[in-house]
Amino acid sequence: MPILSIKTDKKNINVEVGASIIDVCENEETSILFGCRDGACGACMIKVVDNPSNLSKMEDHEKDFLETMAAREDERLACQCKVLGDVTIEVSE
Ligand code: FES
């Protein structure tokens, strides 16, 4: 079972392979905020600290949005990410 570590909250959460971060956050109290839940508002921007390849691949619309926001390479939209293996994230400043 993969571990989703949320550095900002000092939490290590066991999740099913393929669990979406948004579903995990609905069951746990975390600092990750969600708005549109559809990759269109940027409220859920996270920084991937470790093992970025253990998140689901970026779809075009997430990529386009992050480019528009001039996001850094280690940033993702939490509402668009599924956990495939151990990964560490934090809330993006
Ligand atoms: S909640 Fe709006 S982009 Fe993720």
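Predicted model, so just to flag it, every value in this text is computed and none were measured. (Residues numbered from 1 in each chain as written. Predicted model: local features only at pLDDT ≥ 70, side-chain atom pairs only at ≥ 80, totals over all residues. Heavy atoms only, no water.)

1. A closer look at a negative patch on the surface
So, step 1. Taken together, Glu 59, Asp 60, Asp 64 and Glu 67 make up a surface patch of like negative charges.
So, step 2. Assignment of secondary structure puts Glu 67 in helix H2 (residues 60-68). (Patch = residues over 30% accessible without salt bridge, like charges linked within 9 Å, V, L, I, M, F, W, Y side chains within 5 Å. Areas by Shrake-Rupley, 256 points an atom, 1.4 Å probe, with all protein chains shown as cover. Salt bridge = Lys/Arg side-chain N within 4 Å of Asp/Glu carboxyl O. Lys, Arg positive; Asp, Glu negative; His and termini not counted. Charge placed at Lys NZ, Arg CZ, Asp CG, Glu CD. Helix = DSSP H or I, 4+ residues; strand = E, 2+ residues; numbered from the N terminus.)

2. Details of unusual backbone geometry
So, step 1. Positive phi, normally seen in glycine, also occurs at Lys 10, with a value near 50°.
So, step 2. Its place among the elements puts Lys 10 in the loop between strand E1 (3-6) and strand E2 (11-14).
So, step 3. Note on Lys 10: relative accessible area 76%, which makes it exposed.
So, step 4. Here Ala 70, not a glycine, exhibits a phi torsion of approximately 55°, which is positive. (Buried < 20%, exposed > 50% of the residue type's maximum accessible area, 1.4 Å probe, protein only.)

3. Things to note about the pattern of salt bridges
So, step 1. By the definition in use, this model includes 6 salt bridges.
So, step 2. A salt bridge links Glu 26 to Arg 37; its shortest N-O distance comes to 2.4 Å. Highlighted residues: Glu 26 in helix H1 (residues 21-27) and Arg 37 in the loop between H1 and strand E4 (45-50), separated in sequence by 11 residues.
So, step 3. The salt bridge involving Glu 62 is made with Arg 76; its shortest N-O contact spans 2.8 Å. Linking Glu 62 in helix H2 with Arg 76 in strand E5 (residues 75-77), this pair joins segments that are 14 residues apart in sequence.
So, step 4. By relative accessible area, which is 1% here, Glu 62 ends up buried.

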